[in-house]
Amino acid sequence: MSAKISSGFPASAVTSVEALCQQQTLSLALRQWNRGVCDAMGTSTQDTCGPIPLVEGKYCTKTAKLLHNSLRPLIHVLETCTASSNRHTQEALRHVLPTIVTSCNLVYTWCSSQGFHQLAKKSLSHFLFILHADLKILLEKIVHMATIINNVPKHSDVYSVLYKQSVHIQQISYAVHNLQSLIVMLNEQYSKNCRSTAKDFFEGAMPVGKIWKKKSNQGMPKEANEYAKQAPEAILESVVLGVTQLSQDSQLSAISTAVEALYQVWLDHILAENIHFSVYGASQLSVDFEHVKSTIMEYLDNEALQNGVMALDVFKHAQSVVTLLKRQPQGRPKNRVQPLTNENG
């Protein structure tokens, strides 16, 4: 900036003009931030949490987009301040750092409140959008600002200025940690929700008792039981439909969690009900497992997603359970499913 200013002003005026430019840049950035934050707060009470285009094929909620855009002027000021070393830097950082902290708090409040709210009212598509779109996009911006600060060389003039604002810098670091922890918490709650949905389904739909001890001279079963035909729609369909606007990695993460919950709860339910299997019954269970697996593949129209889901250990564990049930050793005709362990899935 100094070189451009010096070409049009006498040397004695450069410092004053440069100071004025920095003040105007800071003032404009803070006004833009304030307007964006006010718009976001106003929108948040009426946000339907539907997908709004952001940039480069990315989507987020309207509130998240406003918060995202409000961070841009702060990043510009931060980059300008950390790249220069004049007496006006301290004044600019004194204003912009606490403003960044406020933004971090607003981002956390929006993502945490909406995340838990949407999950509580079983609006799965909106919940997944908050978790995998809003939270991810906004966290990236905050991490970017934290990285700019952390990359300032020690013993530089700017570093000494930042040292005086150490409280705000610590708060920004805490904000990054809190948002990362929020992702973990929301993922845990999502997994519990998937397991609860699966548990309710299998307790109400899966037959128990003699059907699994059946013996037949008509060959092995070829058609899945009705409950197995219903399971993918009841447990997984809402997840698959709810991730269509997310990145491929996010889709794979959300769908994998739901698939793992389905199979784990399925096996846990068999164990809890103390179901005993004949060879025929074990073969029927195998047909049920395979039907659900093939239906899941039909839900996924992307080969990369199919490959990612197919690689899950739960499918291997389910098959190993069937193999054990079919062995029927002498003197112990009643085989049972073993609990799903960490080593197996």
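For the structure, see preceding data.
Note that this is a predicted model, so its numbers are computed, not measured.

1. Quick look at the overall build of the protein
- Assigned secondary structure in the protein consists of 12 helices and 2 strands.
- The helix and strand sequence of the protein, counted from the amino end, reads α-α-β-β-α-α-α-α-α-α-α-α-α-α.
- Per-residue burial for the protein yields a buried fraction of 45% across its 345 residues.
- Taking contacts inside the protein between residues at least 6 apart in sequence as the whole, the part at least 24 apart equals 76%.
- When the accessible surface of the protein is split by element, carbon and sulfur atoms take 51% of a total near 18000 Å².

2. Looking at the packing of aromatic side chains
- As enumerated under the stated definition, the model contains 11 aromatic pairs in all.
- Centre to centre, the rings of Trp212 and Tyr227 are 6.5 Å apart; their planes meet at 85°, and the pair counts as edge-to-face. Here the residue Trp212 occupies a position in the loop between helix 7 (166–205) and helix 8 (226–242), and Tyr227 occupies one in helix 8, the gap between them amounting to 15 residues.
- Look at Trp212 and you get buried, because its relative accessible area is 0%.
- Taken together, a centroid distance of 5.1 Å and an interplanar angle of 75° make the contact between Tyr263 and Phe315 edge-to-face. Separated by 52 residues along the polypeptide, Tyr263 in helix 9 (residues 248–272) and Phe315 in helix 12 (residues 313–325) bring together distant segments of the chain. Exposure class is identical for Tyr263 and Phe315. Each is buried.
- Here the aromatic cluster, defined as three or more aromatic residues joined through ring pairs, consists of Phe201, Phe202, Trp212, Tyr227, Tyr263, Trp266, Phe277, Phe289 and Phe315.
- Here Lys293 stacks its cationic end above the ring of Phe315, 5.1 Å away from the centre of that ring.

3. Brief notes about the environment of Ser247
- One can find Ser247 in the loop between helix 8 and helix 9.
- C-alpha separation for the pair Ser247 and His132, spaced 115 residues apart in sequence, amounts to 8.3 Å.

4. Topic: the side chain of Asp288
- Here Asp288 lies in helix 10 (residues 279–299).
- The charged side chain of Asp288 is buried without a salt bridge, its nearest counter-charge being Lys229 at 8.5 Å.
- Of the polar contacts made by the side chain of Asp288, one reaches the side chain of Tyr227; its length is 2.9 Å.

5. With respect to helix 10
- Between its first and last C-alpha, helix 10 extends 31 Å over 21 residues, near the 30 Å set by a 1.5 Å rise per residue.
- Counting buried residues in helix 10 gives 15 out of 21 residues, a clear majority hidden from the surface.

6. Side note on the nonpolar core
- Core analysis: the largest hydrophobic core is formed by 101 residues, its most contacted members being Leu97, Phe202, Val259, Tyr263, Trp266 and Ile296.
- With residues near it in sequence (within four places) discarded, Phe202 still touches Tyr227, Ile235, Leu262, Val265, Trp266 and His269.

7. Quick notes on the pattern of salt bridges
- For the structure on display, the rule yields 5 salt bridges.
- The salt bridge involving Glu91 is made with Arg94; its shortest N-O contact spans 2.9 Å. Placement of both Glu91 and Arg94 in helix 4 (residues 89–120) is noted, with a separation of 3 residues, approximately one turn of the helix.
- Exposure remark for Glu91: the relative accessible area of 38% places this residue in the partly exposed category.
- Close ionic contact of Asp268 with Arg195 constitutes a salt bridge, the shortest N to O distance being 3.2 Å. One end of the pair, Asp268, is in helix 9; the other, Arg195, is in helix 7, with 73 residues separating them in the sequence.
- Overall, the relative accessible area of 29% leaves Asp268 in the partly exposed class.

8. Comments concerning the environment of Gln23
- If you trace the backbone, Gln23 turns up in helix 2 (residues 11–44).
- Looking at Gln23, the relative accessible area reads 48%, which means it is partly exposed.
- Sequence separation between Gln23 and Glu91 is 68 residues; the distance between their C-alpha atoms is 8.9 Å.

What counts, and where the lines are drawn
Residues numbered from 1 in each chain as written. Predicted model: local features only at pLDDT ≥ 70, side-chain atom pairs only at ≥ 80, totals over all residues. Heavy atoms only, no water. Helix = DSSP H or I, 4+ residues; strand = E, 2+ residues; numbered from the N terminus. Buried < 20%, exposed > 50% of the residue type's maximum accessible area, 1.4 Å probe, protein only. Contact = heavy atoms within 4.5 Å. Areas by Shrake-Rupley, 256 points an atom, 1.4 Å probe, with all protein chains shown as cover. Phe/Tyr/Trp six-rings, centres within 6.5 Å; stacked < 30°, edge-to-face > 60°. Lys NZ or Arg CZ within 6 Å of the ring centre and 35° of its normal. Lys, Arg positive; Asp, Glu negative; His and termini not counted. Salt bridge = Lys/Arg side-chain N within 4 Å of Asp/Glu carboxyl O. Polar contact = N/O pair within 3.5 Å; in protein donor to acceptor, adjacent residues only side chain to side chain. Expected span 1.5 Å × (residues − 1). Core = buried A, V, L, I, M, F, W, Y, C linked by side-chain atoms within 4.5 Å.

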